[in-house]
Amino acid sequence: MRGVTTFETMGTVVSLRGATPEAASEVRAVFAGYDHRYSLYDPSSVLSRVADGSVRLADTPSEVRDVYALALDWRERTGGAFTPHRPDGVIDLSGVVKALAIRDAGAVLDAASGGGDWMVNAGGDVLVRGHHRSDDPWSVGVVDPTHRDTVVGVVRLEAPRRAVATSGSAERGEHIWRRAAPTFVQATVIADDIVTADVLATAVVAGDAEDLRRLTSDAGVDVLAFGADGTVWATPGARSAVRTEDGAASAVT
Amino acid sequence: MRARVIAGGVVSSIAVLVVGWQLGGQPAVTAPAQQSTTSGSGTTGTSTGTSGSTGTGTGTTGGTTGSTGTGTTGGSSATGTFTGDTTQTRYGPVQVQITVAKGTITDVTALQLTNSDGRSVQISQQAAPILRQEALQAQSAQIQSVSGATFTSEGYTTSLQSAIDKAGL
């Protein structure tokens, strides 16, 4: 049986299921590579050197500029709710690099397992393939932002919805920069791919109720969002993740 | 090319519903504890609070690497108690222990709580029983991962994930 592998990277913990030791070390290298290029905590990273002015963005490796372009594309797609620019102007790609590392880790695990079952969890952002057991999907508990030690819901990941990510208003890393008074304190997004899930979770927390409606309007994702006023917002597909006391969530039209 | 997230005009294709549920105002409903008393080969392990992360007690562990705690894992259903790694947070160390019966978490206990910040202690003390309650009430504990965001929960989440990993759930 292939067990659980965990390692620390990017200031958080990565947990792997279904990975051979060889695949696990390859995954570890994937995360380390992203961290080495994009960490603003590491003064020697490429992005840190761009931030301090010692390297021009145009002189960075093409993959760095590609990631920046991807982040800018998401800024457009989210109407500015997601942005790779810190208020002081520094380019901060931490909003996408963890998800990109998870995505690439998934490719490693796919190649190593030959289409088998696996799960990768990096600091609460989760991507899976297949099933936990033959009949049971991989299941992810969502932490209550108010009662921070409480699991309030369970997201069951079944293809094509293989990714879930959660962002919060007090998230470490501070890559969420609010445009207005906070509407949501936490957002969990379930999507087909981890980059979409992670970026949109960030965007929902940065935005307001209107942004939430806009971001969910194409039915490509499901969202479980916790309002600052104590309400919980859920798309129909996400409602089953949360069970209320009477076992059913009521819809307000 | 992935479909644009902002599909102009398609506003009502998915309705965002408000779940009429006030977090925080919810009383702790006492659900009958689902004591799935273990039958079969699994032994329900017992454990005392372990400082550090070395398990004590009886039971066998198999199928996991570096297991701590007691109980049986392997195959598809773990039973016993599993202690997560101690996580250092800016408020102090946090360590979580779970009790598992046939693959389902039946109890969650914080062995170590932060003690350098009064507010954090209060949060932990309030929340731990609620987590226990929820795990029983919602049967929401057959999980292999946890997803959360607030930085104060990170230590707890990390240790909880660690315990889940060790149980091999």
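Q: Sorry if this is basic, but what is going on with the overall build of chain A here?
A: When helices and strands are counted, chain A shows seven helices and 10 strands. Looking at chain A as a whole, 52% of its 253 residues qualify as buried. For chain A, restricting intrachain contacts to residue pairs at least 6 apart in sequence, the fraction spanning at least 24 positions comes to 52%.

Q: Is there a simple way to explain the packing of helix H3 (residues 62-77) of chain A against helix H4 (residues 94-113) of chain A in this structure?
A: Working note: a packed helix pair is described by the angle between its axes plus the distance between those axes. All names here are of chain A. Look at H3 against H4: their axes get within 10 Å of each other, and the N-to-C directions meet at 110°. Taken together, the axes of H3 and H4 lie roughly perpendicular to each other. Where H3 crosses over H4, the two elements pack in a sense that is right-handed. Residue-level contacts link Val67, Leu70 and Ala71 of H3 to Gly95, Val96, Val97 and Leu100 of H4.

Q: When you look at the sheet that holds strand E5 (residues 138-143) of chain A in this model, what are you seeing that I'm missing?
A: The strands that make up a sheet pair up through hydrogen bonds in the backbone, lying either parallel or antiparallel. Taking strand neighbours across the sheet as the criterion, the three strands line up as E6(A)-E5(A)-E7(B) in an open arrangement whose pairing is mixed. The sheet is open, and its two edges are formed by strand E6 (151-157) of chain A together with strand E7 (145-147) of chain B, each paired on a single side. Direction aside, neighbouring strands of the sheet carry axes that sit 30° apart on average. Here E5 of chain A pairs with E7 of chain B via three bridges, running parallel. The residue bridging valine 142 of chain A from the neighbouring strand is serine 147 of chain B, located in E7 of chain B.

Q: Help me out: how do you make sense of helix H1 (residues 21-38) of chain A in this one?
A: Since the α-helix packs 3.6 residues into each turn, any two residues three or four apart lie on the same face. All names here are of chain A. A rise of 1.5 Å per residue sets the reference length of H1, with its 18 residues, at 26 Å; its end C-alpha atoms lie 26 Å apart and thus fit the reference within 8%. Restricting attention to buried positions, one finds in H1 the residues Ala23, Ala24, Val27, Val30, Phe31, Tyr34 and Tyr38. Taken around the axis of H1, the buried residues stretch over an arc of 115°, which confines them to a single face. Exposed residues on H1 whose side chains face more than 90 degrees from its buried face are Pro21 and Glu22. Buried residues in H1 make contact with strand E1 (4-9), strand E2 (12-17), helix H2 (46-51), H4 and strand E3 (118-122).

The rules we used
Residues numbered from 1 in each chain as written. Chains lettered and ligands numbered in written order. Predicted model: local features only at pLDDT ≥ 70, side-chain atom pairs only at ≥ 80, totals over all residues. Helix = DSSP H or I, 4+ residues; strand = E, 2+ residues; numbered from the N terminus. Buried ≥ 20, exposed ≤ 12 C-beta atoms within 10 Å, placed from the backbone. Contact = placed C-beta atoms within 7 Å. Axes fitted to C-alpha atoms, helices over the stretch in contact; angles between N-to-C directions. Parallel < 35°, antiparallel > 145°, perpendicular 65-115°, else oblique. Left-handed = near helix turned anticlockwise from the far one by under 90°. Pairing = 2+ DSSP bridges. Expected span 1.5 Å × (residues − 1). Arc of directions from axis to C-beta.

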